[in-house]
Amino acid sequence: YYNEYKSYLSVCKSFTIVKTRPQMQTSKQFLMVPSECMANSDDFQPPVNFIKGRRASVSAEPLSMEDDVTKDRVIHPKTDEQRKRLSAAVKEILIFKSLDQEQREYVLDAMFEKQAASGEKVIELGDNGDYFYVVDSGKLDCYIKVEGEEKKVATYDNSGAFGELALMYNTPRAATIIATEDCVLWALDRQTFRQLVLLTAMKKRLTYETFISSITIFKELDNYERMNLADALQAVNYEAGTAIIKQGDPADSFYIIEKGTCVVKVKDTFSSQHKNEEVEVNCLNKGDYFGELALLHNKPRAATVYAKTDVTLAALDVKAFERLLGPCINIMSRNVTTYEKQLADLFGEVSLEDLRR
């Protein structure tokens with residue numbers, strides 16, 4: 001169970017940064033660990049009953065990939081003002097990003113507002129897990145036991161989420177969370193969390209693991225690295241004709257085409273007859289990727305990529321790109337030669353740097 005526990009940490013939202021082995025020349029590697037259980041690698045201890053291999057008294061609801069996650073909806077009525085605050089509070093919660101719009105609405109419907117007074121223990125180490133919490137406002141401190149003594153390892157300041165670990169793994173709470181001032185929280189019951197949020201994250205991981213395993217460049221990743229990549233990818237959709245990235249813009253994401261076709265165009269700044277007209281240099285299909293070179297070299301985009309048809313892309317932001325794709329860097333860097341050959345065929349002797357000026 002301990003290996004399973006370690007491998008699924010990346011699904012969690014409430015993070016502490018734990019340094020691990022470097023994978024890129026330009027970036028240190030970090031593992032995102034739920035702050036409900038952990039502050040740093042020296043203090044790391046798996047939750048009670050993980051090493052023993054024996055379940056706690058909580059009875060976990062079985063999960064099946066065939067479950068209808070929208071069945072038996074739980075709805076807690078909210079005012080427009082409450083729903084607006086809740087939507088803002090969950091916007092950056094990583095584990096919710098696996099949900100589509102309809103599923104996200106189901107989760108918002110199922111959450112309810114909970115007040116926590118200053119000094120109140122919202123969750124306590126060793127208790128059974130019943131709710132997942134999102135912080136709307138207020139401050140809370142997180143404590144774990146280190147060598148028999150409680151140690152503060154994190155503070156939630158008007159944002160963040162906690163409580164997912166016990167719900168995901170059917171274990172007692174791995175930390176104590178205490179409100180240090182009056183707080184407003186949003187709570188989600190364990191059954192809805194497991195059946196909707198966790199199951200959807202599992203399905204997303206399985207889908208993306210299968211997808212990226214079919215792409216040659218990712219053959220360099222081991223199973224654990226592919227799993228982390230699958231968790232970090234986010235599906236984005238663009239209508240035909242939309243510019244996904246634009247030449248000269250700062251780089252913020254890397255993209256893999258899941259469905260549809262894209263075209264790559266550059267401005268013809270070399271011909272006096274067609275000055276600044278866009279010229280198509282490549283056509284990309286399912287499994288192709290783009291946007292990597294600007295991230296690798298921290299340079300502006302060298303081309304514009306349009307959706308030729310309606311497309312679905314798997315997007316990876318710059319921080320996740322640096323953290324997760326270290327083993328693929330050498331292969332990606334070789335693409336410079338290919339891209340410059342395509343430009344030479346059109347414009348003569350030019351380089352990618354010429355397009356960024």
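Located above this text is the structure these notes cover.
Residues numbered from 1 in each chain as written. Predicted model: local features only at pLDDT ≥ 70, side-chain atom pairs only at ≥ 80, totals over all residues. Heavy atoms only, no water.

Asks: Got a minute to help me understand the sheet that holds strand E9 (residues 176-179) in this structure?
Replies: Backbone hydrogen bonds are what pair the strands of a sheet, in a parallel or an antiparallel way. An order of E4-E9-E6-E7 is seen for the four strands of this open sheet, with the pairing classed as antiparallel. Every other strand in the sheet has two partners, leaving strand E4 (121-123) and strand E7 (149-157) as the edge strands with one partner each. Here the average twist between neighbouring strands, direction ignored, is 30°. (Pairing = 2+ DSSP bridges. Helix = DSSP H or I, 4+ residues; strand = E, 2+ residues; numbered from the N terminus. Axes fitted to C-alpha atoms, helices over the stretch in contact; angles between N-to-C directions.)

Asks: Before we go on, may I ask you to explain the environment of Asp252 in this structure?
Replies: Summarising the element assignment, Asp252 is placed in the loop between strand E12 (243-245) and strand E13 (253-259). Sequence separation between Asp252 and Glu292 is 40 residues, and the spatial gap between their C-alpha atoms is 9.8 Å. Apart from residues no more than four positions distant in its own chain, Asp252 is found in contact with Leu295, Arg301, Leu316, Asp317 and Val318. (Contact = heavy atoms within 4.5 Å.)

Asks: Where do I start with the nonpolar core in this structure?
Replies: Most often, soluble globular proteins have nonpolar side chains that are buried together. Phe96, Met111, Phe132, Val134 and Phe193 are the most contacted members of the largest nonpolar core, which has 26 residues in total. Looking at this core, the elements that each hand over two or more residues are helix H2 (80-90), helix H3 (101-110), strand E5 (131-137), helix H4 (164-169), strand E10 (183-189) and helix H5 (190-213). Setting aside chain neighbours within four positions, we find Phe96 in contact with Val90, Arg104, Val107, Met111, Phe132, Val134 and Val197. (Core = buried A, V, L, I, M, F, W, Y, C linked by side-chain atoms within 4.5 Å. Buried < 20%, exposed > 50% of the residue type's maximum accessible area, 1.4 Å probe, protein only.)

Asks: What is the right way to look at the sheet that holds strand E15 (residues 277-284) in this model?
Replies: The strand order across the open sheet formed by four strands is E12-E17-E14-E15, and the pairing between neighbours is antiparallel. Of all strands in the sheet, those with a lone pairing partner are E12 and E15, marking the two edges. If you compare each strand with its neighbour and ignore which way they point, the axes differ by 35° on average.

Asks: I tried to follow the packing of H2 against H3 on my own but got confused; where do I start?
Replies: The geometry of a pair of packed helices is captured by two quantities: the angle between their axes and the separation between those axes. The geometry of H2 relative to H3 is characterised by a closest axis approach of 11 Å and an angle of 120° between their N-to-C directions. By the angle between their directions, the pair H2 and H3 is classed as oblique. Once H2 is placed against H3, the crossing between them reads as right-handed. Across the interface between the two elements, Arg83, Leu86, Ser87 and Val90 from H2 touch Glu105, Leu108 and Asp109 from H3. Per-class residue counts for the contact of H2 with H3 are three nonpolar, one polar and three charged. (Parallel < 35°, antiparallel > 145°, perpendicular 65-115°, else oblique. Left-handed = near helix turned anticlockwise from the far one by under 90°. Nonpolar A, V, L, I, M, F, W, Y, C, P; charged D, E, K, R; others polar.)

Asks: It is not clear to me how the state of the cysteines should be interpreted in this structure. Could you clarify?
Replies: Between two cysteines, a covalent bond joining their sulfur atoms is known as a disulfide. Under the criterion given, the structure shown has zero disulfides. Free of any disulfide, Cys283 has its nearest neighbouring cysteine sulfur in Cys262, separated by 8.3 Å. (Disulfide = S-S within 2.5 Å.)

Asks: How should I be thinking about H5 in this particular structure?
Replies: The α-helix advances 3.6 residues per turn, and as a result positions three or four apart in sequence lie on the same side. Compared with an ideal rise of 1.5 Å per residue, which puts 24 residues at 34 Å, H5 spans 32 Å between its outermost C-alpha atoms and is within 8% of the ideal. Of all the bends in H5, the greatest, near 30°, is centred on Leu199. You can read the cap of H5 off the contacts: a side-chain oxygen lies 3.1 Å from the backbone nitrogen of Gln191, and it is on Asp189. (Expected span 1.5 Å × (residues − 1). Bend = angle between axes of the 7 residues up to and from the residue. Polar contact = N/O pair within 3.5 Å; in protein donor to acceptor, adjacent residues only side chain to side chain.)

Asks: How should the pairing of E13 be read in this particular structure?
Replies: Note on strand geometry: in a regular strand, side chains alternate between the two faces of the sheet. When you tally the buried positions in E13, you get six out of seven residues, the bulk of the element. Judged from the six bridges that link them, E13 and strand E18 (residues 311-317) form a sheet pairing that is antiparallel. Bridging from a neighbouring strand, Ile257 pairs with Leu313 of E18. Of the strand pairs in this sheet, E13 and strand E16 (residues 289-290) are connected by two bridges, and their pairing is antiparallel. Bridge assignment links Tyr255 to a residue of E16, and that residue is Phe290.

Asks: Quick question: what am I supposed to make of the environment of Tyr255 here?
Replies: For Tyr255, the position within the fold is in strand E13. Measuring from C-alpha to C-alpha, the distance between Tyr255 and Leu316 comes to 6.4 Å, with 61 residues separating the pair along the chain. Those residues in contact with Tyr255 that sit more than four places away from it in its chain are Val236, Tyr238, Ile244, Ile245, Asp288, Tyr289, Phe290, Arg301, Leu313, Ala314 and Ala315.

Asks: Which parts of the structure should I look at to understand the packing of aromatic side chains?
Replies: Two descriptors summarise a pair of aromatic rings, namely the distance from one centre to the other and the angle between the planes of the rings. This structure, assessed with the given rule, holds eight aromatic pairs. Ring plane angle 40° and centroid distance 5.1 Å describe the contact between Phe132 and Phe193, whose orientation is recorded as tilted. Placement of Phe132 in strand E5 and of Phe193 in helix H5 is noted, with a sequence separation of 61 residues between them. A relative accessible area of 0% means that Phe132 is categorised as buried. Ring geometry for Tyr255 versus Phe290: centroids 5.3 Å apart, planes at 25°, classification stacked. Taken together, the positions of Tyr255 in strand E13 and Phe290 in strand E16 put the pair 35 residues apart, joining distant regions of the chain. For Tyr255, a relative accessible area of 6% corresponds to the buried category. With relative accessibility at 4%, the residue Phe290 sits in the buried group. (Phe/Tyr/Trp six-rings, centres within 6.5 Å; stacked < 30°, edge-to-face > 60°.)

Asks: What's the story with the environment of Asn223 in this structure? I'm lost.
Replies: You can see Asn223 is positioned in helix H6 (residues 223-232). Within the local environment of Asn223, its side chain forms a polar contact with the side chain of Arg226, the two groups lying 2.6 Å apart.

Asks: When you look at the packing of H3 against H5 in this model, what are you seeing that I'm missing?
Replies: Orientation of H3 relative to H5, taken along the N-to-C sense of each, is 155°, at an axis distance of 11 Å. With respect to H5, the axis of H3 lies roughly antiparallel. Here H3 and H5 pass one another in a crossing that is left-handed. Of H5, the residues touching H3 (which contributes Gln103, Tyr106, Val107 and Ala110) are Thr192, Leu196, Val197 and Thr200.

So far we have only geometry, and geometry alone does not tell us how the molecule works.
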